[in-house]
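# Geometric and topological summary
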Amino acid sequence: MLWVLLLLVAWGAAAVSCVRLCLVAARAGLLPEASSDAVRRVADGHELTLHETAFLSGGPHRVVDLALVAMHLRRRLLLAHTGWATVVDPEGRDEMERTVIRAIGPEGQSPIPPVRAAAATADPVRALADRLVAAGLAVPGGAGDGVAAAVRTVRGAALLVVATGATTLLIPGQERGLGGPVVSLLVWFGLPLALTLGCLAIARMEVHPHSGAWASPAGQRLLAAHEVPAADADHDVLAAIAVRGVRAVTDPALRAALKGRPGGAGR
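Presented here is a report on the structure given in the accompanying data block. (Residues numbered from 1 in each chain as written. Predicted model: local features only at pLDDT ≥ 70, side-chain atom pairs only at ≥ 80, totals over all residues. Heavy atoms only, no water.)

### With respect to a positive patch on the surface
A cluster of basic residues, Arg-20, Arg-152, Arg-155 and Arg-204, forms a positive patch at the surface. If you trace the backbone, Arg-204 turns up in helix H9 (residues 182-211). Its relative accessible area of 54% is what places Arg-204 among the exposed residues. (Patch = residues over 30% accessible without salt bridge, like charges linked within 9 Å, V, L, I, M, F, W, Y side chains within 5 Å. Areas by Shrake-Rupley, 256 points an atom, 1.4 Å probe, with all protein chains shown as cover. Salt bridge = Lys/Arg side-chain N within 4 Å of Asp/Glu carboxyl O. Lys, Arg positive; Asp, Glu negative; His and termini not counted. Charge placed at Lys NZ, Arg CZ, Asp CG, Glu CD. Helix = DSSP H or I, 4+ residues; strand = E, 2+ residues; numbered from the N terminus. Buried < 20%, exposed > 50% of the residue type's maximum accessible area, 1.4 Å probe, protein only.)

Now the structure itself:
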């Protein structure tokens, strides 16, 4: 009977989409159960560095902003309010500083946006990301997009269940359900609909809060355990930028350099 074929389509779409969402979320480490081992590994005695905190809070561009401000405060780099970065000390003290200097280029001066873009994809930042992912603290690159796509698939399956159920109700002369009552038909199509809606509800509570973040649930718990200091001393300023980003900068000229568009002459 035609209604049986439509029911099989509805069940198949619901089951496949829900299983896919669960697998994608588990692979990305967005489910609490998937990150419980990581929580136990890192919670005992693990102290996040400023670069690790910056990545978990805002991703690779936050790491570069942290490095730019640190070099500016240490007089190794000049960040002008016009949006240009000028090298003052060409000898980087660590690999992150050398990465920023290389991104600025041999002329020693460059607008900040291309410096940020180039340094964010450099090897030191990728290595930092790989270490955090391996520790279960960060979400693999592209995982958020995969989860969002899986959620859209489940939503599409829910709409398909509704469409197939409505189509079955409108088919004339069909033997509907066990014994033919419409209530039985609604029950058969209501089960896959309940499955998809329940999966979406769980994703909303467990996955959605983390799908747009760089930190996994384990990383977010570790971040929550670290108190954000007040922005007075240099280290506290850097710590605040690592957690809150450019909005934590209190110097108007420095904030304009990091947020504004490049303009005017560099020097």
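### A few points about the pattern of salt bridges
This structure, assessed with the given rule, holds 7 salt bridges. Residue Glu-95 is joined to Arg-98 by a salt bridge in which the shortest nitrogen-to-oxygen separation is 3.3 Å. With Glu-95 and Arg-98 both in helix H5 (residues 95-104) and 3 residues apart, this pair spans about one turn of that helix. Owing to a relative accessible area of 36%, Glu-95 belongs among the partly exposed residues under this scheme. Looking at Arg-98, the relative accessible area reads 34%, which means it is partly exposed. The closest approach of N and O atoms between Glu-95 and Arg-102, which form a salt bridge, is 3.0 Å. It is possible to trace a salt-bridge network through shared partners that takes in Arg-74, Arg-76 and Glu-97.

### Notes on the side chain of Thr-168
Mapped onto the fold, Thr-168 is located in helix H8 (residues 143-170). Reaching out from Thr-168, the side chain makes a polar contact with the backbone oxygen of Thr-164 at a distance of 2.8 Å. (Polar contact = N/O pair within 3.5 Å; in protein donor to acceptor, adjacent residues only side chain to side chain.)

### Some words on the sheet that holds strand E1 (residues 77-79)
The 3 strands lie next to each other as E1-E2-E3, forming an open sheet whose pairing is antiparallel. With partners counted over all chains shown, the strands left at the sheet margins are E1 and strand E3 (109-111), one partner each. The mean angle between the axes of side-by-side strands here comes to 20°, regardless of whether they run parallel or antiparallel. By the bridge criterion, 3 bridges tie E1 to strand E2 (residues 84-87) in an arrangement that is antiparallel. (Pairing = 2+ DSSP bridges. Axes fitted to C-alpha atoms, helices over the stretch in contact; angles between N-to-C directions.)

Bear in mind that shape data such as this cannot, by itself, settle questions of function.
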